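Each chain, letter by letter, is given below.
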Amino acid sequence: MTKARTNASASPAVGRNMIINGAMNVAQRSASVADLGATEGYFTVDRFVLAGGNTAGRLTMSQTADGPNGISANCLKLDCTTADTSIAAAETLNIQHRFEGQNLQRIGKGKVGAQQITLSFYVKASAAFTFGCELYDNDNARQITKLYNTTTDWVRHEITFPADVDDGSSPFDDDNAISLYLLFWLHAGSNFTSGTLNSSSWANQTSANRAAGIDSFFSSTDNNFFITGVQMEVGPVATEFEQEDIGTTLSKCQRYYYEHAAGANKIISNAAAYTSSSAYGEVNFPTAMRAAPALVVNDIGNGYTFYKNGASDPINDFTLQGATTTAGQLLNESDVSATVGHAGFFWTLNANCLVAFQAEL
């Protein structure tokens, strides 16, 4: 079912939305990235993956200030920059949101008493298209897809997926790994479109049925796609989009990716010389991360510094030592020249500097 935006002044249903950053307000990595479509990754808006493969089509992905009034000032925008009208069998393009199993237990999937799931979102495009919205159970390889249509105006789509009671053998795992994918299919080859759309009930996945009936976003460089106000909740009714404080949304996003220092003249951490040629400093994360994270650092010649005892040692990069979900130590073992025990701090010097931590699904 689809309908135009409803009254945004209604009382919010706090905590019902299982989507993180559905208003597209947080984009820690970048506001815009061009020439995408060949690979998958988190490029702009937090918690939304762009997954593309085996296609010559290319696009620019951006966080754009063009949301429906009263819902969000922001949206995720895709702008086709290179068309691909000769679609090979294995081609794909979709936007994904990934869920930890332990955040899905309220659904009760795969058991007696399993709940329906209702997805709602605001979407518009440069023309009328038919695209697909899929729930994919990663733990049990089961899926269901529903189609929806776009217009050039913002429209709210409300899609209810039936409960998956199955035979009691396919619940979501209760852990911090990926149990569910939400996919917005925008382009696919015959490997995913040549079958019959599986839309009425959950079923063991057959690839050819997953995106049957969709149009191609890569059909023309005139094509644009916009989405925001994404909400997923238990039950058969789509409630008003949950308006969440930006600080709460940012904290949820930082469980998966935390940008600690970006740009020039930013303090990274207090630090100390461990040996005459090495120094380390501890970074405490603002929220517990999903798992012990990996370090994301731009390797820049002399882009960082260890400042101590009135002198500065230029540093190229860091490694991460002893990381837990709440903290980690940054170590440089090659660029420092110091007296053991000297205290100081790590600092950024270059506009392209980046120190971040990633524990993405």
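Rules and cut-offs
Residues numbered from 1 in each chain as written. Predicted model: local features only at pLDDT ≥ 70, side-chain atom pairs only at ≥ 80, totals over all residues. Heavy atoms only, no water. Helix = DSSP H or I, 4+ residues; strand = E, 2+ residues; numbered from the N terminus. Rg over C-alpha atoms; globule rule 2.2 N^0.38 Å. Buried < 20%, exposed > 50% of the residue type's maximum accessible area, 1.4 Å probe, protein only. Contact = heavy atoms within 4.5 Å. Areas by Shrake-Rupley, 256 points an atom, 1.4 Å probe, with all protein chains shown as cover. Pairing = 2+ DSSP bridges. Salt bridge = Lys/Arg side-chain N within 4 Å of Asp/Glu carboxyl O. Polar contact = N/O pair within 3.5 Å; in protein donor to acceptor, adjacent residues only side chain to side chain. Phe/Tyr/Trp six-rings, centres within 6.5 Å; stacked < 30°, edge-to-face > 60°. Axes fitted to C-alpha atoms, helices over the stretch in contact; angles between N-to-C directions.

**Description of the overall build of the chain**
1) Next: When its secondary structure is counted, the chain shows two helices and 24 strands.
2) Next: Taken against the 2.2 N^0.38 rule, which gives 21 Å for 361 residues, the C-alpha radius of gyration of the chain at 23 Å falls within 12% of a compact globule.
3) Next: Per-residue burial over the chain gives 50% buried out of 361 residues.
4) Next: Contacts in the chain between residues far apart in sequence, at least 24 positions, make up 76% of those at least 6 positions apart.
5) Next: Of the roughly 14,300 Å² that the chain leaves accessible, carbon and sulfur atoms contribute 46%.

**A few points about the sheet that holds strand β10 (residues 142–149)**
Pairing between the strands of a sheet is mediated by backbone hydrogen bonds and can be parallel or antiparallel.
1) Next: Across the sheet, seven strands lie side by side as β3-β4-β7-β12-β9-β10-β13; this open sheet has antiparallel pairing. Each edge of the sheet is formed by a strand with only one pairing partner; in this case those strands are β3 (40–41) and β13 (203–204).

**Comments concerning the pattern of salt bridges**
1) Next: Enumeration over the complete set of coordinates arrives at 15 salt bridges.
2) Next: Between Glu-134 and Arg-210 there is a salt bridge whose closest N-O contact spans 2.8 Å. Remark: Arg-210 occurs in the loop between β13 and β14 (224–234) and Glu-134 occurs in strand β9 (residues 130–137); sequence separation between them is 76 residues. Summarising the burial analysis for this pair, Glu-134 and Arg-210 share the class buried.
3) Next: Of the charged contacts, one joins Arg-156 and Glu-158 as a salt bridge, the two residues approaching to 3.2 Å between their closest N and O atoms. Like Glu-158, Arg-156 is buried.
4) Next: Through salt bridges with shared partners, one network takes in Lys-109, Asp-137, Arg-142, Asp-164 and Asp-166.

**Side note on the environment of Asn-298**
1) Next: Structurally, Asn-298 is set in the loop between β18 (294–297) and β19 (304–308).
2) Next: There is a polar contact of 2.6 Å between the side chain of Asn-298 and the backbone oxygen of Asn-352.

**Digging into the side chain of Ser-62**
1) Next: Turning to its location among the elements, Ser-62 is positioned in strand β5 (residues 58–64).
2) Next: Judged by relative accessible area, Ser-62 falls into the buried class, the value being 10%.
3) Next: In this structure the side chain of Ser-62 is engaged in a polar contact, spanning 2.9 Å, whose partner is the side chain of Thr-64.
4) Next: Setting aside its immediate chain neighbours within four residues, Ser-62 contacts Ala-31, Ser-32, Thr-44, Cys-75, Leu-76 and Lys-77.

**A look at the environment of Thr-324**
1) Next: Turning to its location among the elements, Thr-324 is positioned in the loop between β21 (319–321) and β22 (327–332).
2) Next: In this structure the C-alpha to C-alpha distance between Thr-324 and Met-289, which are 35 residues apart in sequence, comes to 8.4 Å.
3) Next: Those residues in contact with Thr-324 that lie beyond four places of it in its chain are Phe-285, Ala-292 and Pro-293.
4) Next: Of the polar contacts made by the side chain of Thr-324, one reaches the backbone nitrogen of Thr-326; its length is 3.1 Å.

**Things to note about the packing of aromatic side chains**
1) Next: One pass over the structure, following the stated rule, counts 18 aromatic pairs.
2) Next: Judged by centre distance (5.7 Å) and plane angle (85°), the rings of Phe-131 and Phe-225 are edge-to-face. Of this pair, Phe-131 sits in strand β9 while Phe-225 sits in strand β14, placing them 94 residues apart in sequence.
3) Next: Residue classification places Phe-131 among the buried positions, given a relative accessible area of 0%.
4) Next: With a centroid separation of 5.8 Å and 75° between ring planes, the pair formed by Tyr-274 and Tyr-280 is classed as edge-to-face.
5) Next: On the basis of relative accessible area, Tyr-274 is assigned to the exposed category, the value being 57%.
6) Next: On the basis of relative accessible area, Tyr-280 is assigned to the partly exposed category, the value being 30%.
7) Next: Among the aromatic residues, those joined into a cluster by ring pairs are Phe-121, Phe-129, Phe-131, Tyr-148, Phe-184 and Phe-225.

**Re the pairing of strand β8 (residues 117–125)**
1) Next: The element β8 is largely enclosed, with a buried count of nine among its nine residues.
2) Next: Both faces of β8 are covered, namely the face carrying Ile-117, Leu-119, Phe-121, Val-123 and Ala-125 and the face carrying Thr-118, Ser-120, Tyr-122 and Lys-124.
3) Next: Judged from the seven bridges that link them, β8 and strand β11 (residues 155–161) form a sheet pairing that is antiparallel. Among the inter-strand pairings, Tyr-122 is bridged to a residue of β11, identified as Arg-156.

**A closer look at the sheet that holds β21**
1) Next: Strand order in this open sheet of seven strands is β20-β19-β23-β16-β17-β22-β21, and the pairing throughout is antiparallel. Here the strands that pair on one side only, and so sit at the sheet edges, are β20 (311–315) and β21. On average, each strand axis in the sheet is inclined to that of its neighbour by 35°, with strand direction left out of account.

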